[in-house]
Amino acid sequence: MRTQVGIVGAGPAGLLLSHLLALRGIESVVVETRSRAYCEARQRAGVLEDGSVRLLSESGLGDRLAAEGLVHGGIYLQFDGQRRHIDFRDLTGGRTVTVYAQTEVVKDLIAARLAAGGAIEFEVTDTAVSRLDTDRPVLSYTGADGIRRDLECDVIAGCDGFHGICRPAFPPGLASVREREYPYAWLGILADVPPSTDELIYAHHRDGFALHSLRSPTISRLYLQVDPDESIENWPDERIWEHLQRRFALPGWSLREGPVLDKGITPMRSFVSAPMRYGRLFLAGDAAHIVPPTGAKGLNLALADVAVLAPAIDALLRGDGGPADAYSDTCLARVWRSTHFSWWMTTMLHREPGADEMTAQLQLSQLRYVTSSRAAAASLAENYTGYPELPGAAGT
Ligand code: RFL
Ligand code: PHB
């Protein structure tokens, strides 16, 4: 069996890559271990940068996004008994973000690929990649029908997330890994209750960080900092609401409660593996890099990677290897900027277990600065809404 591009993983990176390649007349096959229903229901990100919205719209995926996405012109930072607004429009010359859940991005992408006759194989097992240093790499897997297949490709894209098989297929020693684990995790809930806020609230509190986000005018998404080894069984709904109430408390404002539809705990990690290419295998999205969610960057980075990768593969298949050779450096410039911003937001807002009063005062000073200095607020706003252009890591 043969295809031009074998894509491992039907997350946002793999699906958008398949779509962008199809727009260029390039055929691909996506293989995915999970079921379609699982991929469409997995609760994750919620915030799209300006550039991600433009990318999706310009590639024909903007209808539901325009109708149902909620445009946000800022965020609130809450600390020391005050809630301060950062006005993105004012600070960045009109840029915004859009709240549109990753579940919806994935549903739109799967629908678009299937409507166009695209091949997505769900529920595959034993995915493997080989012959990566030749111009005919092979993607092997067992289909849902139990039949083992070897798919000969021109290029393989590893879009299989942090726990996938593509990054480990690099020869030992080729990639350098930079990593930081944080001493805390997020407990996230989806609640059947209208949001109690018009824009996201990032709250610094002596008990730990909390975030009020949303999914729609009737559904709220809330997060609570917990210990990394916490188990969800220790968190009945009443206990979650009690902690949320305490961390968001503000005179004259109240947090509405409602039935919890979904809950889970996510570890927090920064991780960058470079280069993002070995031979004819290209990594994109969480397969190559992870950021803690406090900067709302992971999904946006995944989309940005494949926006660079699709034209690079196109050029490579036409005999021009230049853009493919530049792929890793081009992406890593954005990846490192987002990695820094996510680390900065995370360390400014979370309570570090065992941290002394010095650390708490440094955080509060930074929060006061970023909400009172126009220059500091503009830097946050520029990073949060995204970077339209970044020079390549090699300065190109
Ligand atoms: P994904 O989404 O993990 O998709 C990878 C896919 O590959 C499949 N797979 C395999 N398929 C075949 N063979 C194998 N051997 C395979 N191994 C794995 C998996 O089943 C899966 O379907 O990676 P992708 O496409 O790179 O997308 C990345 C994003 O999902 C991720 O960065 C974001 O969700 C991160 N993130 C956020 N990003 C934002 O931009 N804004 C946010 O507001 C935001 N909030 C979040 C987040 C992530 C969170 N969690 C749960 C990690 C909030 C949370 C709580
Ligand atoms: C979300 O809505 O899931 C969300 C929003 C902002 C973040 C992280 C997650 O920083």
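Residues numbered from 1 in each chain as written. Chains lettered and ligands numbered in written order. Predicted model: local features only at pLDDT ≥ 70, side-chain atom pairs only at ≥ 80, totals over all residues. Heavy atoms only, no water.

Regarding the site of ligand 2
Inspection of the region around ligand 2 gives 14 residues, with Tyr202, Ser213, Arg215, Tyr223 and Pro293 positioned closest. Residue arginine 44 places a main-chain N or O atom 3.4 Å away from an oxygen atom belonging to ligand 2. Residue tyrosine 202 places a side-chain N or O atom 2.8 Å away from an oxygen atom belonging to ligand 2. For ligand 2, whose accessible area on its own is 280 Å², the fraction buried by protein is 97%. Sorting elements by how many residues they give to the shell around ligand 2 places strand β15 (residues 210-216) first, with 3 residues. Split by residue class, the shell around ligand 2 holds 8 nonpolar, 3 polar and 3 charged. Composition of the shell around ligand 2 by domain shows at least three residues from each of domain 1 (5-46 + 101-175 + 275-351) and domain 2 (179-268). (Near = heavy atom within 4 Å. Polar contact = N/O pair within 3.5 Å; in protein donor to acceptor, adjacent residues only side chain to side chain. Areas by Shrake-Rupley, 256 points an atom, 1.4 Å probe, with all protein chains shown as cover. Helix = DSSP H or I, 4+ residues; strand = E, 2+ residues; numbered from the N terminus. Nonpolar A, V, L, I, M, F, W, Y, C, P; charged D, E, K, R; others polar. Domains from an automatic or database assignment.)

Points about the site of ligand 1
Not every one of the 32 residues close to ligand 1 is listed here, only the nearest: Glu32, Arg42, Gln102, Asp286 and Leu299. At 2.9 Å, a backbone N or O of alanine 13 approaches an oxygen atom of ligand 1. Contact between ligand 1 and threonine 127: a nitrogen atom at 2.9 Å from a side-chain N or O atom of the residue. Contributing elements (two or more residues each) for the shell around ligand 1: α1 (12-23) and α8 (298-317). No other element matches α8, which puts 4 residues into the shell around ligand 1.

Regarding the sheet that holds strand β16 (residues 219-226)
Here 8 strands make up an open sheet; going across it, the order is β6-β5-β14-β15-β16-β13-β17-β20 and the pairing mixed. With one partner strand each, in any of the chains shown, β6 (82-87) and β20 (289-290) form the two edges of the open sheet. In terms of strand pairing, strand β5 (residues 74-79) meets strand β14 (residues 201-203) through 3 bridges, oriented parallel. Bridge assignment links tyrosine 76 to a residue of β14, and that residue is isoleucine 201. (Pairing = 2+ DSSP bridges.)

Let's talk about the packing of aromatic side chains
Under the definition given, this model contains 12 aromatic pairs. Ring centres of phenylalanine 162 and phenylalanine 271 lie 4.9 Å apart, and the angle between their planes is 85°; this geometry places the pair in the edge-to-face category. Note that phenylalanine 162 is positioned in the loop between β12 (155-158) and β13 (176-191) and phenylalanine 271 in strand β17 (residues 260-274), a separation of 109 residues in sequence. Using a relative accessible area of 5% as the deciding quantity, one classes phenylalanine 271 as buried. Ring centres of phenylalanine 170 and tyrosine 278 lie 6.0 Å apart, and the angle between their planes is 50°; on these two criteria the pair is classed as tilted. A residue pair is termed long-range when its members are at least 10 positions apart, and phenylalanine 170 in the loop between β12 and β13 and tyrosine 278 in strand β18 (residues 277-278) qualify at 108 residues. Among the aromatic residues, those joined into a cluster by ring pairs are Phe88, Trp186, Tyr202, Phe209, Tyr223, Phe341, Trp344 and Tyr384. We note arginine 83 situated over the ring of tryptophan 253; from NZ or CZ to the ring centre the distance is 4.1 Å. The residue whose ring lies beneath arginine 239 is tryptophan 235, and the NZ or CZ to ring-centre distance is 3.8 Å. (Phe/Tyr/Trp six-rings, centres within 6.5 Å; stacked < 30°, edge-to-face > 60°. Buried < 20%, exposed > 50% of the residue type's maximum accessible area, 1.4 Å probe, protein only. Lys NZ or Arg CZ within 6 Å of the ring centre and 35° of its normal.)

A closer look at the sheet that holds strand β7 (residues 97-99)
The 3 strands lie next to each other as β3-β7-β4, forming an open sheet whose pairing is antiparallel. Edge positions in the open sheet fall to β3 (47-49) and β4 (70-72), since each of these has one partner strand only. Across the sheet, the mean angle separating the axes of adjacent strands is 30° when strand polarity is ignored. Strand direction decides the pairing type here: β4 and β7, joined by 3 bridges, are antiparallel. From the neighbouring strand, valine 71 faces β7, where its bridge partner is threonine 98. (Axes fitted to C-alpha atoms, helices over the stretch in contact; angles between N-to-C directions.)

Some details on empty space enclosed by the protein
With the rule as written, the count across this model stands at 2 cavities of 30 Å³ or more. One number sums up the size of the largest cavity: a volume of about 40 Å³. Around the largest cavity sit Ala10, Gly11, Pro12, Cys39, Arg42, Gln102, Thr103 and Val106, which together line it. Ranked by residues supplied to the lining of the largest cavity, first place goes to helix α6 (residues 102-115) with 3 residues. Here the residues of the lining of the largest cavity sort into 4 nonpolar, 3 polar and 1 charged. There is about 30 Å³ of room inside the second largest cavity. Every residue lining the second largest cavity is listed: Leu56, Leu61, Tyr100, Val105, Asp108 and Leu109. In terms of residue count, the dominant contributor to the lining of the second largest cavity is α6 (3 residues). (1 Å grid on protein atoms, 1.4 Å probe; cavity = no way out; pocket = protein on both sides within 12 Å on 5 of 7 lines; lining within 4 Å. Points joined across faces, edges and corners; volume = space filled by probe spheres on them.)

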